[in-house]
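# Overview (structure and organization)
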Amino acid sequence: MKKPDAIIIGAGIIGCTTAFELAKKGYKTLNVDMLGEAGAGSTINSCAIVRAHYSTYDGVALAYENFFYWHDWPNYLETTDERGLAKLMNTGSILFKTQGHDWRKVLKQYQAVGVKYEEWDMAKLKQRIPIYSTKSYYPPALPDDEDAPLWQESDKELEGVIFTPESGYVNDPQLATHNVQRAAENYGASFCSTAKWWTSAGTGAKSAG
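Anyway, here's the lowdown on the structure attached to this text.

Quick notes on the rules
Residues numbered from 1 in each chain as written. Predicted model: local features only at pLDDT ≥ 70, side-chain atom pairs only at ≥ 80, totals over all residues. Heavy atoms only, no water. Buried < 20%, exposed > 50% of the residue type's maximum accessible area, 1.4 Å probe, protein only. Helix = DSSP H or I, 4+ residues; strand = E, 2+ residues; numbered from the N terminus. Pairing = 2+ DSSP bridges. Right-handed = clockwise from strand over helix to strand, strands pointing away. Contact = heavy atoms within 4.5 Å. Core = buried A, V, L, I, M, F, W, Y, C linked by side-chain atoms within 4.5 Å. Phe/Tyr/Trp six-rings, centres within 6.5 Å; stacked < 30°, edge-to-face > 60°. Lys NZ or Arg CZ within 6 Å of the ring centre and 35° of its normal. Axes fitted to C-alpha atoms, helices over the stretch in contact; angles between N-to-C directions.

### Considering the pairing of strand S1 (residues 6-9)
The two faces of S1 differ: Ala 6 and Ile 8 on one face are buried, but Ile 7 and Ile 9 on the other face are not. Where S1 lies against strand S2 (residues 29-33), four bridges are found, and the strand directions are parallel. Bridge pairing in S2 links Ile 8 to Asn 31. Each parallel crossover has a hand, and for S1 linked through helix H1 (residues 13-24) to S2 it is right-handed.

See below:
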């Protein structure tokens, strides 16, 4: 590819999805990465949480839109991958109502965007996930603080949690990135490291549609 419309620096999950979305719109893209494989940098070390608890409307809306792609991953990709497909582990997630975090702002954004959620009190949390401690240790303490030593047991309870049933985590973030690379290649995208080409445009991806 001598004249790509867009050169994308990096081939992690963000770089590959950027290439995929641009390629679907007809742009010729080239991803360049210092490593020899997609998702081999910071993406591979990600805990791959699929969550919506951000503090801005745009952040929550963008995150929640992606829930639907993860829940319908094969159809979103429109391709197969010789390595198989990553999976969303739909465990749900919880956000604690702590004093040190403006969870009310997050809840307001959930309501504005339409994120599905449940508010649990501590009794329900103990019933559903008994391993969690329900104690509040706010404000933070220093080891040498005589009035509230770090090791002192708390007698304060947290207010509750916000549970989002559609969230979870991706079982293999690097595999998910490779899936998107193959999907982008299916639309003509190209990928290379600083030392060599990984694949030719369109190679290795088979259309599922």
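### Side note on the environment of Phe 163
Looking at the secondary structure, you find Phe 163 in strand S8 (residues 161-164). The class of Phe 163 is buried, set by a relative accessible area of 10%. Residues Phe 163 and Ser 190 lie 27 residues apart in sequence; the distance between their C-alpha atoms is 40 Å. Every residue in contact with Phe 163, bar those within four places of it in the chain, is listed here: Thr 91, Gly 92, Ser 93, Ile 94, Lys 116, Tyr 117, Glu 118 and Trp 120.

### What to know about the nonpolar core
The biggest cluster of nonpolar side chains holds 34 residues, and the ones touching the most others in it are Trp 70, Trp 73, Tyr 110, Val 170 and Phe 191. Of all elements in the fold, only H1, helix H2 (57-71), helix H3 (73-77), helix H4 (103-113) and helix H6 (173-185) reach the threshold of two or more residues within this core. In terms of residue count, the dominant contributor to this core is H6 (five residues). Apart from residues no more than four positions distant in its own chain, Trp 70 is found in contact with Val 50, Leu 88, Val 170 and Ala 176. Listed in part, the eight residues of the second largest apolar core include Phe 96, Trp 120, Leu 158 and Phe 163.

### A closer look at the packing of aromatic side chains
What the rule picks out here adds up to ten aromatic pairs. Aromatic pair Tyr 110 and Tyr 117: ring centres 6.1 Å apart, planes at 40°, arrangement tilted. Note on Tyr 110: relative accessible area 1%, which makes it buried. By relative accessible area, Tyr 117 is classed as partly exposed at 27%. Grouped by ring-pair contacts, the aromatic residues Phe 20, Tyr 69, Trp 70, Trp 73, Tyr 76 and Tyr 187 constitute a single cluster. Stacked on the ring of Tyr 54, the Lys or Arg Arg 51 has its end atom at 4.2 Å from the ring centre.

### Digging into the sheet that holds strand S6 (residues 93-96)
Taken together, three strands build an open sheet; the order of strands is S6-S8-S7 and the sheet is antiparallel. At either margin of the open sheet sits one strand with a lone partner, and together these are S6 and strand S7 (118-120). Averaged over all adjacent pairs, the angle separating strand axes in this sheet is 30°, with direction ignored. Sheet strands in contact with H4 are S6, S7 and S8, and its direction is about 30° off that of S8.

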